[in-house]
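# Chain and residue survey
Chain by chain, the residues:
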Amino acid sequence: MLYRKVFEGLAYSIVEDDEASIVFLEGKPIAGSCIEHGNHDLFDVNCPHMERLLKKVFS
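Residues numbered from 1 in each chain as written. Predicted model: local features only at pLDDT ≥ 70, side-chain atom pairs only at ≥ 80, totals over all residues. Heavy atoms only, no water.

## Some remarks on the pairing of strand S3 (residues 20-25)
Sheet analysis places strand S2 (residues 12-16) next to S3, joined by 5 bridges and oriented antiparallel. Following the sheet pairing, Glu 16 is matched in S3 by Ser 21. Hairpin remark: S2 followed by S3, antiparallel, with 3 residues in the connecting loop. Pairing of S3 with strand S4 (residues 28-34) involves 6 bridges; the strand directions are antiparallel. (Pairing = 2+ DSSP bridges. Helix = DSSP H or I, 4+ residues; strand = E, 2+ residues; numbered from the N terminus.)

This is how it looks when you write it as structure tokens:
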């Protein structure tokens, strides 16, 4: 499965797949959560679940 956009507003959007979800502000990732680590207060690029989702979104 790729990913799905679960919310799209004027400035914010939220995308998710089976392992992670990411909040974007004006196209830039600002926060997220994953099935292994839970919430990521600041955007954590070291999380493999969120990294895979970002690759799906930007590829």
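## Some thoughts on a nonpolar patch on the surface
Among the surface-exposed residues, Val 6, Phe 7, Tyr 12, Leu 25 and Ile 30 lie close enough to one another that they form a single nonpolar patch of about 420 Å² accessible area. Exposure remark for Val 6: the relative accessible area of 44% places this residue in the partly exposed category. (Patch = residues over 30% accessible without salt bridge, like charges linked within 9 Å, V, L, I, M, F, W, Y side chains within 5 Å. Areas by Shrake-Rupley, 256 points an atom, 1.4 Å probe, with all protein chains shown as cover. Salt bridge = Lys/Arg side-chain N within 4 Å of Asp/Glu carboxyl O. Buried < 20%, exposed > 50% of the residue type's maximum accessible area, 1.4 Å probe, protein only.)

Read these as layout, nothing more, since geometry by itself doesn't imply function.
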